[in-house]
Structures are given as structure tokens and as C-alpha cells.
Amino acid sequence: MIITIKKLEILFAIVYFFLASVCLLISYECFIATTASTAVGLGDWILLKFMAKKWLKRGKYSFLDSMIRFSLIAISILFLLKLHLNKIGIIVGVSVVPISLMITAVMSVFSKKTSL
């Protein structure tokens, strides 16, 4: 299985809509928090894509860029908490990107095992 950026982004959308639907069934506040924190997670994904292109151009990893990225995401999450959004919704929304990556990794390993 070849993992491409387009496949990952499609999987992000599928996982987000599934989690947002579940949160909407729980409560409207959870849905709003999930939507807001998913925007933060997608912002993180865009920053990571930009930084990866920059790293490939220079040919080396930048610790400072990663610290700036983590700082921006932490400030965004703290801002969402200051808005008194549902904490469970924030956790679920920020987890969309890691859950999608985990699903992709599991699918990749499973397809390798079954193709032997």
C-alpha cells in the first residue's frame, strides 16, 4: 500500500466526520469543541507539510521550527480552553490527525502481511 498525502487527507476527513457525528449525538457543545480543535489539528498538519518541504530543500531537520510549531499549537489549545469549550471535544478534535495516521499505519502493516 502506497501512502500518499492525498490518501491521508481523505482519511482525515472521514475520521473527522465520524468523530463529529458521534460528538453531535453526545452534545452540541462537544460538536463545537471538536470542530474548533480539528481546525487546530489541521493547522498543525499544514504547518508540518510546509516545514517538511523546507527541510527537504535545506536537507536537514530544524529543531527551532518544531519548537515554534509546538508552541503555536499549544497556544491554540490553551485559547480553546479559555473559551470554555468542552474538554472532551477538544481532545477528540485534536486527536483526528494522530488517529488517521495510526489507521494508515495499521492498514499498511496489514496489507504487507497479507500480500506475502
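Conventions we followed
Counting restarts for each chain, with residues numbered from 1 along the sequence as it is written. The predicted nature of this model means local features are confined to residues of pLDDT at least 70 and side-chain atom pairs, given and counted, to a pLDDT of 80 or more, with totals for whole chains, interfaces and linings taken over all residues. For side-chain calculations, the full set of non-hydrogen atoms in the structure is used, while hydrogens and water are omitted. Secondary structure elements follow DSSP: runs of H or I of four or more residues count as helices, runs of E of two or more count as strands, with numbering from the N terminus. Whenever two N or O atoms come within 3.5 Å, that pair is a polar contact, provided that in protein one can donate a hydrogen and the other can accept it, and provided that, for residues adjacent in sequence, both atoms are side-chain atoms. Any pair of residues with heavy atoms lying within 4.5 Å of one another is described as a contacting pair. A patch consists of residues exposed above 30% relative accessible area that lack any salt bridge, with like charges linked at up to 9 Å and nonpolar side chains (Val, Leu, Ile, Met, Phe, Trp, Tyr) linked at up to 5 Å. Note on areas: Shrake-Rupley with a 1.4 Å probe; residue coverage comes only from the protein chains shown. By definition, a salt bridge exists where a carboxyl oxygen of Asp or Glu is found within 4 Å of a side-chain nitrogen of Lys or Arg. The buried label applies to any residue whose accessible area, calculated with a 1.4 Å probe on protein chains only, is under 20% of its type's maximum; exposed applies above 50%, and partly exposed to all values in between. Stacked, edge-to-face and tilted labels apply to pairs of Phe, Tyr and Trp rings (six-membered ring for Trp) whose centres lie within 6.5 Å, assigned for plane angles under 30 degrees, over 60, and everything in between, in that order.

**What to know about the side chain of Ser 37**
Position of Ser 37 among the secondary structure elements: in helix H2 (residues 28-58). Looking at Ser 37, its side chain comes within polar contact range of the main-chain oxygen of Gly 89, at 3.2 Å. With near-sequence residues (within four places) excluded, Ser 37 lies in contact with Leu 80, Gly 89, Ile 90, Gly 93 and Val 94.

**Points about a nonpolar patch on the surface**
Taken together, the side chains of Tyr 61, Phe 63, Met 67 and Phe 70 define a hydrophobic patch exposed on the protein surface, amounting to about 480 Å² of accessible area. Relative to the helices and strands, Phe 70 resides in helix H3 (residues 63-82). Classification of Phe 70 as partly exposed rests on a relative accessible area of 47%.

**With respect to the packing of aromatic side chains**
Using the criterion set out here, one finds 3 aromatic pairs in the structure. Relative to Phe 31, the ring of Tyr 28 lies with its centre 6.4 Å away and its plane at 35 degrees, an arrangement referred to as tilted. Here the residue Tyr 28 and the residue Phe 31 both occupy positions in helix H2, the gap between them amounting to 3 residues, near one helical turn.

**Describing the pattern of salt bridges**
For the structure shown, the criterion picks out 4 salt bridges. Through salt bridges with shared partners, a single network forms among Lys 54, Arg 58 and Asp 65.

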